[in-house]
Amino acid sequence: MTNRSVFIEDTFAEGFTMRAARIVVTAKNERWAREAALKFTGFATSVTVCKCEAAIERMLPPEETPDARPGASILIFSTDTNGLGKRLVERIGQTVLTCPTANCFDGLPDSPDRVPAGRALRVFGDKFQISKVVGGRRYWRVPVMEGECLLQESFGIEKDGIGGGNFLILAEDADSALGAAEAAVAAIDGMPGVILPFPGGIVRSGSKVGSRGYTSLVASTNDAYCPTLRLTTASALPEGVNSVLEIVLDGLSADAIGQAMRIGIDAACRPGVRAITAGNYGGNLGPHHFHLRRIMAGDAA
Amino acid sequence: MSGENGMVRRGVRIVDTFAEAFDMRAARVLITARSTAWARIAAQAMTGFATSVIGCKVEAGIEAELLAHETLDGRPGVSVLVFGFDADGLGGRLVDRVGQTVLTCPTTACFDGLPQAAERVKVGGALRHFGDRFQSSKFLDGRRYWRIPVMEGEFLVQEAFGVQKAIGGGNFLILAADEDTALAAAESAVDAMRKVRGVILPFPGGIVRAGSKVGAKTSKKMIASTNDAYCPTLRGRTGVTSELPDGVNSVLEIVVDGLDRPAIESALRAGIDAACRPGVVEISAGNYGGKLGKHHFPLHALMAEPSASG
């Protein structure tokens, strides 16, 4: 299979079940919503080291937010509900409670599984906080020096979130790889239900499980895809490929990830790109398999 | 405490008090990339969730953007300062954060920005293991660098990073007539302070609205809770001794961490000066009576000297 003369490998991305929450941060203007969201989603690239994966899903116009102000929708993923609840308390407490003009709302109101992040943070108010129930949902007004921070009491959890959707862009040189990856990120940006947790949406340091050199290492460089190691290892790189970048996607559903992969891969099929492939562990570790050719043929994931 | 012969700057009272700050350890991480945009993306990811050392294990922020001729590899860059309690902990956090947000980021390289510091922690020396023995090292001018193979090409990272004594928790408070005025004054303070080298403002957009007091009135377990004396919505509430003068209805704080005392002083001076705008009633500062932190920044002494920005 080829897409605009870029070879699509017959392989699949292997994704894992994760827990996800959607946080809606609003502020006086888009700039301050983004400041809070950038701090919230920083150092949240891989769950192994950062304990969560997070990024801005999209910016929201005032008519789409609960308090009719500009906002940012953030998706955050972790391995279990309890841990995700703790990460919400930490990150909302450090980066939204502290941020000028920001309020914080649940973006998964229909989810029956909930974590009480706002309830935990209300105690910062030292019993001066006040709660309001509006439309069956409880909100906390926590007094701060600026005025008040409005926090929703509980946040919905999607138990069938998926982490680790991915595809790899195999290009002739570093500039072509980056140009294609940037085009893929721009195409996926704003699509509902998915985030790209790595810096600028792109990963250059793909890894393999374990290590040949150090027994204690859980992951090490994916030498088969490193162009500088072509002659020193069993390379998986076709002739003419000299740079590879990866897009990693976390999503609220397999469908959201599949759609974003299709749009992103299509955008990445540009001159200078030789092939698109994907990362998996043989299919035995993750229950979600995203077959590139099925996705590009328009089949559901 | 301002007294009858209190200090006034452009109609804004400067309270006769001091900011109380603490000993910390700091590292300076220089991230270069193919473009300023990519260096900034890595730096933003690296400095996220790094507002308070108690909640995030580090405090970090962008110190400055660097032109190509200011960096080791002749590419545009961003300088990040990272603060922790001690050198060991800081080293571990650097490995975590550089590994997650710079190693992974397209086109970046990562260098030590405190080459004169005697105390050094391994960063590249730990991250090199990711190369799975395919990494190679180069020794240039007495410093070791690691070339770690990645899918894009190579990641160049310095073996060891300098760590120096530093100061965290410099601060001042902007007491204003309303929220809009407080925010505009704080924004202009941030703009002025970001021109000062050797400091960072670790909170979102450089500003904190959730000032805290030590402990809580209602719980013995809590280490910090809202600074009710400075909360405008709590003025007049039972159990609250408000510190807010008449006419103050919103307060914002700027917290500044710095490599040394002169850097924090320059930043405080520039920031306070910029914050003295119409609608701001008073500038104050946060302290714990002077017994917890050994660095005191008295506002009157600071503002008696001319601002570096003129």
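Scoring rules and cut-offs
Residues numbered from 1 in each chain as written. Chains lettered and ligands numbered in written order. Predicted model: local features only at pLDDT ≥ 70, side-chain atom pairs only at ≥ 80, totals over all residues. Helix = DSSP H or I, 4+ residues; strand = E, 2+ residues; numbered from the N terminus. Rg over C-alpha atoms; globule rule 2.2 N^0.38 Å. Buried ≥ 20, exposed ≤ 12 C-beta atoms within 10 Å, placed from the backbone. Contact = placed C-beta atoms within 7 Å. Nonpolar A, V, L, I, M, F, W, Y, C, P; charged D, E, K, R; others polar. Domains from an automatic or database assignment. Core = buried A, V, L, I, M, F, W, Y, C linked by C-beta atoms within 7 Å. Expected span 1.5 Å × (residues − 1). Pairing = 2+ DSSP bridges.

### Things to note about the overall build of chain A
Part 1 of the reasoning: Of regular secondary structure, chain A possesses 7 helices and 18 strands.
Part 2 of the reasoning: Expected size for 301 residues packed as a compact globule is a radius of gyration near 19 Å; at 21 Å, chain A falls within 12% of this value.
Part 3 of the reasoning: Expressed along its principal axes, the backbone C-alpha trace of chain A runs to roughly 65 × 45 × 30 Å.
Part 4 of the reasoning: For chain A, the residues scored as buried account for 56% of the 301 residues in total.

### Points about the interface of chain B and chain A
By a frequent convention, interface size equals the accessible area lost on bringing the separate parts together.
Part 1 of the reasoning: Facing 69 residues of chain B, the contacting portion of chain A comprises 68 residues.
Part 2 of the reasoning: Breaking the side of chain B that touches chain A down by element, the ones donating at least two residues are helix H1 (36-47), helix H2 (53-56), helix H3 (87-101), strand S9 (143-149), strand S10 (154-158), helix H5 (179-193), strand S14 (224-226) and strand S15 (250-258) of chain B.
Part 3 of the reasoning: The dominant element in the side of chain B that touches chain A, judged by the number of residues it contributes, is H1(B), at 7 residues.
Part 4 of the reasoning: Grouping the amino acids of the side of chain B that touches chain A by side-chain chemistry returns 34 nonpolar, 23 polar and 12 charged.

### Section: the domain arrangement of chain B
Part 1 of the reasoning: As far as domains go, chain B holds domain 1 (7-21 + 167-304) and domain 2 (24-164).
Part 2 of the reasoning: The distance between the C-alpha centroids of domain 1 of chain B and domain 2 of chain B comes to 31 Å.

### A closer look at the nonpolar core
The tendency in soluble globular proteins is for nonpolar side chains to be buried side by side.
Part 1 of the reasoning: Counting residues in hydrophobic clusters, the biggest one holds 199 residues, and the most contacted among them are A:Val25, A:Ile169 and B:Ile174.
Part 2 of the reasoning: Looking at this core element by element, the count peaks at 9 residues for strand S11 (residues 160-176) of chain B.
Part 3 of the reasoning: Not counting residues within four places of it along the chain, the set of residues in contact with A:Ile169 comprises A:Ala177, A:Ala180, A:Ala181, A:Val244, A:Leu245, A:Ala268, A:Val273 and A:Ile276.

### Concerning the domain arrangement of chain A
All names here are of chain A.
Part 1 of the reasoning: Parsing chain A into structural domains produces domain 1 (2-14 + 161-296) and domain 2 (18-158).
Part 2 of the reasoning: The gap between the C-alpha centroids of domain 1 and domain 2 is 30 Å.
Part 3 of the reasoning: On the side of domain 2, 14 residues touch domain 1, which itself brings 10 residues to the contact.
Part 4 of the reasoning: Of the residues forming the side of domain 1 that touches domain 2, the biggest block, 3 residues, is contributed by strand S12 (residues 158-171).
Part 5 of the reasoning: Here the side of domain 1 that touches domain 2 is built from residues that sort into 6 nonpolar, 3 polar and 1 charged.

### Some thoughts on H3(B)
Part 1 of the reasoning: Taking 1.5 Å per residue, 15 residues should reach 21 Å; H3(B) reaches 20 Å between its end C-alpha atoms and fits that length.
Part 2 of the reasoning: Within H3(B) the residues assigned to the buried category are B:Leu90, B:Gly91, B:Arg93, B:Leu94, B:Val95, B:Arg97, B:Val98, B:Gly99, B:Gln100 and B:Thr101.

### Concerning the environment of A:Gly42
Part 1 of the reasoning: Position of A:Gly42 relative to the elements: it lies in the loop between helix H1 (30-41) and helix H2 (47-50).
Part 2 of the reasoning: Separated by 12 residues in sequence, A:Gly42 and A:Ala54 have C-alpha atoms that sit 7.7 Å apart.
Part 3 of the reasoning: Non-local contacts of A:Gly42, meaning those with residues more than four positions away in its chain, are made with B:Gln44, B:Ala45, B:Thr47, B:Gly48, B:Phe49 and B:Ala50.

### Quick look at the pairing of S10(B)
Part 1 of the reasoning: Bridging between S9(B) and S10(B) involves 5 bridges; their strand directions are antiparallel. Residue pairing for S10(B): B:Ile148 is matched across the bridge by B:Phe155.

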